[in-house]
Amino acid sequence: MAHRLTVIGTGYLGATHAACMADLGFEVLGLDVDEDKIARLSNGDLPFYEPDLEPVLRRNLENGRLRFTTSFRELADFGDVHFLCVGTPQKADAYAADLAFLDAAVEALAPLLRRPCLVVGKSTVPVGTAGRLGGTLAKLAPVGGDAVLAWNPEFLREGFAVRDTLRPDRIVAGLPADQGAAEHAEKVLREIYAAALADGTPFVTADLPTAELVKTAANAFLATKISFINAMAEVCEAAGADVTRLAEALAHDDRIGGRFLGPGLGFGGGCLPKDIRAFMARADELGTARALTFLREVDDINVRRRVRTVDLTRQVLGGSFAGRAVAVLGAAFKPDSDDVRDSPALDVAASIRAQGGAVTVHDPRANANARRVQPSLAYADSALDAARGADAVLLLTEWREFRALTPSELAPVVAGRVIIDARNVLDPDAWRAAGWTYRALGRP
Ligand code: UDX
């Protein structure tokens, strides 16, 4: 059956989902309450950087399968499957997730649902949210029980959003308790994801709370894995050992595996930090805070890497940032992204500035976003410009062009030959052989 899909919320998740579903052949209508965003998307202009996404957006606008609107009425009249993709950021004053956008979306949509449809939640939510929203739908939708709610968490990574959407590791389908509704929801989701399923993608069905938890548990696990190796880095620093060798050796055990075992400045972004905090807050509400106290430690280890990077730089510069120029390479929370939400790189840059250093930042894509968040830092258009006159160069986000930097390129412009490799991506021998002071996290 040719489903007509809608996508509510056009951030990283929603814009990618809408464009990719259109690319699979569905007619798709995307909605956002931000008129400016809708105007840009309708023009084929992505409001954020994501490799490979713009061509997918443009060709599906051109072939007419993809459109955008700000009207919930138009959306409700158009679609028979509605994906909820709005953001669930951390609350300003607490660890918990702020569900205001999600509640508002469901409350706007539900009263307009006059024919049978499936509402599919994709946003990352505290466990129990889907059950609650199902109640809102049942109460407000004119079509009543024929508006069915399912939960289908999304695992896409920024920088790989198109690939992760079209070829996910797995599809998780959280289904409602009512058996008839569950069978219908499963059938529709299998039809929508038919292409991925034909490629052998595993399809895991679960009840609604389990499906919600798969997402938070996955992110908690990934954050824990990163903080585990960064805790080992702390021990390595104290013991004079090399955490990169340690990680390499651990990775050969395929029960452990090498992915997300990269020691360095740690995790940031719009997901992992806020998701582990929201998970702790939710466990607390459920009376099971104890089960997740280790995530407090995961968060602390992660934040300590930022402090350590600042301390190490200050120490190499002789104990003070006063009168010192520092070049910061990277502002995005990871390469291939212009996202600076909870960015470790920007945090370190701001902290050095606050301690009296003159900081110049360069990021291939994120300078503009970084300038909005940290207007008091200086920004340069290239790595070499950032490094001009610097007493120390800090590699904080491992963009490919920074990995490729050589000592001989930088030497003519810097004031002091100091490089801090906070992502462990440079070759220490090459830099030291060229006469540089090379320092990294977790290495002698
Ligand atoms: C993450 C999850 O991977 C994804 O499944 C979920 O849907 C959203 O959250 P994302 O935030 O896009 O995706 O970035 P990811 O690639 O997971 O990286 C997160 C952070 O961890 C980055 O700051 C990265 O630099 C850091 N990281 C990653 C490490 O410090 N070491 C590693 O080995 C891997």
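Reading the values: the criteria
- Residues numbered from 1 in each chain as written.
- Predicted model: local features only at pLDDT ≥ 70, side-chain atom pairs only at ≥ 80, totals over all residues.
- Heavy atoms only, no water.
- UniProt positions renumbered as here; feature names shortened; annotations may be inferred.
- Phe/Tyr/Trp six-rings, centres within 6.5 Å; stacked < 30°, edge-to-face > 60°.
- Helix = DSSP H or I, 4+ residues; strand = E, 2+ residues; numbered from the N terminus.
- Buried < 20%, exposed > 50% of the residue type's maximum accessible area, 1.4 Å probe, protein only.
- Lys NZ or Arg CZ within 6 Å of the ring centre and 35° of its normal.
- Pairing = 2+ DSSP bridges.
- Polar contact = N/O pair within 3.5 Å; in protein donor to acceptor, adjacent residues only side chain to side chain.
- Near = heavy atom within 4 Å.
- Areas by Shrake-Rupley, 256 points an atom, 1.4 Å probe, with all protein chains shown as cover.
- Nonpolar A, V, L, I, M, F, W, Y, C, P; charged D, E, K, R; others polar.
- Salt bridge = Lys/Arg side-chain N within 4 Å of Asp/Glu carboxyl O.
- Contact = heavy atoms within 4.5 Å.

Per an unreviewed UniProt entry, the recorded name for the protein chain is UDP-glucose 6-dehydrogenase, and the organism is Actinomadura algeriensis. Regarding the protein chain, the UniProt comment filed under Catalytic activity (unreviewed entry) reads as follows: "UDP-alpha-D-glucose + 2 NAD(+) + H2O = UDP-alpha-D-glucuronate + 2 NADH + 3 H(+)".

### Thoughts on the packing of aromatic side chains
For the coordinates displayed, the defined rule picks out two aromatic pairs. Considering the side-chain rings of Y12 and F48, the 4.3 Å spacing of their centres and the 40° angle between planes classify their relative orientation as tilted. Residue Y12 is found in helix α1 (residues 12–23), and its partner F48 is found in the loop between α2 (35–42) and α3 (53–62); the two are separated by 36 residues along the sequence. With respect to class, Y12 is no different from F48; both count as buried. Positioned above the aromatic ring of F78, the side-chain terminus of R67 is 5.5 Å from the ring centre. Here the guanidinium or amino end of R157 rests over the ring plane of F160, the centre of that ring lying 4.2 Å away.

### Observations regarding the sheet that holds strand β12 (residues 392–395)
Spatially, the six strands line up as an open sheet ordered β11-β10-β9-β12-β13-β14, and their pairing is parallel. Of all strands in the sheet, those with a lone pairing partner are β11 (378–379) and β14 (437–440), marking the two edges. Direction of pairing for strand β9 (residues 325–329) relative to strand β10 (residues 358–362): parallel, over a ladder of five bridges. Within β10, the position partnered with A327 by the bridge is T360.

### A closer look at α2
With a side-chain oxygen positioned 3.0 Å from the backbone nitrogen of D36, the residue opening α2 is D34. Positive phi shows up at G44, right after α2, with a value of about 80°.

### Some details on the site of the ligand
Inspection of the region around the ligand gives 20 residues, with F155, L156, E158, G262 and K334 positioned closest. Here an oxygen atom of the ligand and a backbone polar atom of G268 are 3.1 Å apart. Between an oxygen atom of the ligand and a side-chain N or O atom of R423, the distance comes to 3.4 Å. In isolation the ligand exposes 660 Å². Once the protein is present, 90% of that is buried. Here the element with the most residues in the shell around the ligand is helix α10 (residues 208–239); it accounts for four residues. For the shell around the ligand, the class distribution of residues is ten nonpolar, four polar and six charged.

### Points about the UniProt feature "domain: UDP-glucose/GDP-mannose dehydrogenase C-terminal" (unreviewed entry) in the protein chain
Per the UniProt record, "domain: UDP-glucose/GDP-mannose dehydrogenase C-terminal" (unreviewed entry) is annotated on residues 327–428. Secondary structure content for residues 327–428 is 31% helix and 18% strand, while the C-alpha to C-alpha distance between its ends is 19 Å.

### Some remarks on the pattern of salt bridges
On inspection of all chains with the given rule, the structure shows 33 salt bridges. Note that D347 is salt-bridged to R306, the shortest N-O span being 2.7 Å. One end of the pair, D347, is in helix α14 (residues 344–354); the other, R306, is in helix α13 (residues 293–316), and 41 residues separate them in sequence. Here D385 makes a salt bridge to R388, at a shortest N to O gap of 2.9 Å. Taken together, the shared-partner salt bridges in this structure form one network comprising R277, R296, D299, D300, R306, D342 and D347.

### Quick word on the side chain of T313
Examined against the element boundaries, T313 turns out to sit in helix α13. Excluding anything up to four places from it in sequence, T313 contacts F321, I352, A392, L394 and I420.

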